[in-house]
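# Summary of structural features
So the chains spell out like this:
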Amino acid sequence: MEILRAKTLNLRQTGALSPKRAANSTLNQKEALMQKTVLDSAPQRLVLELTNQCNLNCIMCGRNAADFKPTQFQLEWLDYFEPIRDQVEEVTLMGWGEPTVHPDFVKFLKWAYDCGMRKYFCTNGMRLEQLTSALFAYHTDIFAVSLDGADAPTNERIRRGVDFHRVIRSLEAINRKKAMEKLEYPYNNFVFTAMKQNIEQLPALVRLAGDIGMNEVKAVFLTAFDEWGREQTLFYDMELVRDIFAQAEEEARRLGVALKLPHLCGEDPAGDMAHKTCYVGWRDFFLGSDGYIRSCMSTAQKLFHISQYPDFWSMWNAKEYQRHREIVNSASMISHCANCYQSSFANWNKRESFIQIGQDFAPVWEKEN
Ligand code: SF4
């Protein structure tokens, strides 16, 4: 089984696209490769941060080192996307908070379902039980569950406030229904933030995924935002990581579980570039829960507020977006991109991808609502 790597130009496909969406995505990828600054294509996906609030308090979360003011995505902002609703492939509900705590979370799923878009969200799993019927009713295509240990003590020590057994029970129920009804959806995976105190559990997490019918395990490296993170970073332990990754690969092959891994430090094809060639400013449109458009959720730089432009196309080709596309892959890139720690685009050969202490890594949230 081939080890999966993060996609950078296109997205995971779960079914045939309509001809209009397929044509848009083809054009979008072409424009991204040409590094065009004014686009004729719509983005391939909308990334909507529904809230920056969370029902957990994970030990390593960057929220602990940032200035947090609660913000919530306004349902009426979806009106901006009417002109492109039949061109965009996917809506991804993720950001700094836990999307399922938004009181209208199910309405977002329904909206994407009515638009015919692929639906993808990332969660800590604590509300999956209440959401199971909506997941099937609105054909959720993909969801990712963050789990940082293969057993309750490890997971609950890191993900403070989580109930490991409750999350696993919810996933078992979803995957049982999926198997009984012979459904291809939802594709689901564990996302594991690898650090010193849990890296040895990665092979066991692959076994757990196999046991309960998860499709994939994805590991990402911890990025340190504070002194605690510095203690836990794996930047200095690549031989240990190599060994554990090899064990996880063996388990994944044996069980038929897909495994997605970051490149080891020193082996990232990004070489000595600041980051991998970044296509997010073409592929994705990110709207934060504070109403600010950013190129991605891993940059503190706000491009503009949604109220600043009258419609989607004037935002998508706004001068701020054009400037971002012009410089993001050049020597003039902003400092956040020069120190990119976004899991798909970071260059994992660099220390800065692992350690961000003292960097301006998170947005400063203004209370907008
Ligand atoms: S922070 Fe990284 S992923 Fe985000 S826009 Fe900059 S280079 Fe791209």
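This text goes with the structure placed above it.
Quick look at the structure, then. Keep in mind that this is a model prediction, so the values were computed, not measured.

What counts as what
Residues numbered from 1 in each chain as written. Predicted model: local features only at pLDDT ≥ 70, side-chain atom pairs only at ≥ 80, totals over all residues. Heavy atoms only, no water. Helix = DSSP H or I, 4+ residues; strand = E, 2+ residues; numbered from the N terminus. Rg over C-alpha atoms; globule rule 2.2 N^0.38 Å. Buried < 20%, exposed > 50% of the residue type's maximum accessible area, 1.4 Å probe, protein only. Contact = heavy atoms within 4.5 Å. Lys, Arg positive; Asp, Glu negative; His and termini not counted. Charge placed at Lys NZ, Arg CZ, Asp CG, Glu CD. Near = heavy atom within 4 Å. Nonpolar A, V, L, I, M, F, W, Y, C, P; charged D, E, K, R; others polar. Pairing = 2+ DSSP bridges. Axes fitted to C-alpha atoms, helices over the stretch in contact; angles between N-to-C directions. Polar contact = N/O pair within 3.5 Å; in protein donor to acceptor, adjacent residues only side chain to side chain. Core = buried A, V, L, I, M, F, W, Y, C linked by side-chain atoms within 4.5 Å. Salt bridge = Lys/Arg side-chain N within 4 Å of Asp/Glu carboxyl O. Parallel < 35°, antiparallel > 145°, perpendicular 65-115°, else oblique. Left-handed = near helix turned anticlockwise from the far one by under 90°. Phe/Tyr/Trp six-rings, centres within 6.5 Å; stacked < 30°, edge-to-face > 60°.

### Quick look at the overall build of the protein chain
Broken down by element type, the protein chain carries 13 helices and 10 strands. For the protein chain, whose C-alpha radius of gyration is 20 Å, the value lies close to the compact-globule estimate of 21 Å for 369 residues. Viewed in the frame of its principal axes, the protein chain has a C-alpha envelope of about 50 × 45 × 40 Å. When burial is assessed residue by residue, the protein chain has 57% of its 369 residues classed as buried. Taking the contacts inside the protein chain whose residues are at least 6 apart along the sequence as the reference set, 73% of them involve residues at least 24 apart. Separation of charge centres in the protein chain, based on 43 positive and 47 negative side chains, amounts to 2 Å.

### Concerning the site of the ligand
The full set of residues close to the ligand is His 275, Cys 278, Val 280, Ser 295, Cys 296, His 324, Cys 337, Cys 340, Gln 342 and Phe 345. The residue makeup of the shell around the ligand, split by class, is six nonpolar, four polar and no charged.

### Focus: the sheet that holds strand E3 (residues 118-123)
Pairing within the open sheet is mixed, and its 10 strands lie in the order E7-E6-E5-E4-E3-E2-E1-E8-E9-E10. In this open sheet, the two edge strands, each paired with only one partner strand, are strand E7 (258-260) and strand E10 (304-305). Both strand E4 (residues 142-146) and strand E5 (residues 187-194) contribute to a ladder of five bridges, which runs parallel. Paired with Ala 144 across the two strands is Asn 189, which belongs to E5. Of the strands in this sheet, E4 and E5 are in contact with helix H5 (residues 164-180), which crosses E5 at around 150°.

### Remarks on helix H6 (residues 202-212)
Within the sequence span of H6, burial applies to Leu 202, Pro 203, Leu 205, Val 206, Leu 208, Ala 209 and Ile 212. Its buried side turned inward, H6 meets H5, E5, strand E6 (216-221), helix H8 (238-255) and E7. At the exit of H6 stands Gly 213, carrying a positive phi of roughly 80°.

### A word on the environment of His 305
One can find His 305 in strand E10. It is 9.3 Å that separates the C-alpha atoms of His 305 and Met 315, two residues lying 10 residues apart in sequence. Only 2.7 Å separates the side chain of His 305 from the side chain of Ser 307, close enough to count as a polar contact.

### A look at the nonpolar core
Ranked by internal contacts, the top residues of the largest apolar core, which has 102 residues, are Leu 46, Leu 48, Phe 81, Phe 190 and Phe 285. Once you skip the residues sitting within four places of it in the chain, Leu 48 turns out to touch Phe 73, Leu 78, Phe 81, Val 91, Thr 92, Leu 93, Met 94 and Leu 287. Within the second largest apolar cluster, eight residues are counted, among which are Ile 142, Ala 144, Val 191 and Val 220.

### Structural notes on the pattern of salt bridges
Throughout the structure, instances matching the rule amount to 26 salt bridges. In this structure, Lys 36 and Glu 31 form a salt bridge, with 3.3 Å as the shortest nitrogen-oxygen distance. Assessed through its relative accessible area of 2%, Glu 31 is described here as buried. Connected through shared salt-bridge partners, Arg 45, Glu 89, Glu 90, Arg 118, Arg 283 and Asp 284 make up one network.

### A look at the packing of helix H3 (residues 128-137) against H5
As a packed pair, H3 and H5 sit with axes 10 Å apart at the nearest point and diverge in direction by 20°. One way to sum up the angle between H3 and H5 is to call them roughly parallel. Crossing handedness for the pair H3 and H5: right-handed. In this structure, H3 contributes Leu 128, Glu 129, Gln 130, Thr 132, Leu 135 and Phe 136 to the contact, and H5 contributes Arg 166, Ser 170, Leu 171, Ile 174, Lys 177 and Lys 178.

### Brief notes about the pairing of strand E8 (residues 284-287)
Judged by which residues are buried, E8 turns out to be covered on both faces: Asp 284 and Phe 286 on one side and Phe 285 and Leu 287 on the other are all buried. For strand E1 (residues 45-48) and E8, the ladder comprises four bridges, and the chain directions are parallel. The residue bridging Leu 46 from the neighbouring strand is Phe 285, located in E8. Pairing of E8 with strand E9 (residues 292-294), which is carried by two bridges, proceeds in the antiparallel orientation. Paired with Phe 286 across the bridge in E9 is Arg 294. Linkage of E8 to E9, two consecutive antiparallel strands, is achieved through a turn of four residues, within which Gly 291 is found at a positive phi near 85°.

### Digging into unusual backbone geometry
Residue Pro 186 is reached from Tyr 185 by a cis peptide bond, and omega for that bond is -10°. Residue position: Pro 186 is located in the loop between H5 and E5. The phi torsion at Lys 182 lies on the positive side, around 50°, for a residue other than glycine. Owing to a relative accessible area of 73%, Lys 182 belongs among the exposed residues under this scheme.

### Quick word on the packing of aromatic side chains
Tallying each qualifying case throughout the model produces 24 aromatic pairs. Between Phe 136 and Tyr 185 the ring centres are 6.0 Å apart and the planes differ by 50°, which places this aromatic pair in the tilted class. Pair noted here: Phe 136 is in helix H3 and Tyr 185 is in the loop between H5 and E5, with a separation of 49 residues, a long-range link. Judged by its relative accessible area of 9%, Phe 136 falls in the buried class. Judged by relative accessible area, Tyr 185 falls into the buried class, the value being 15%.

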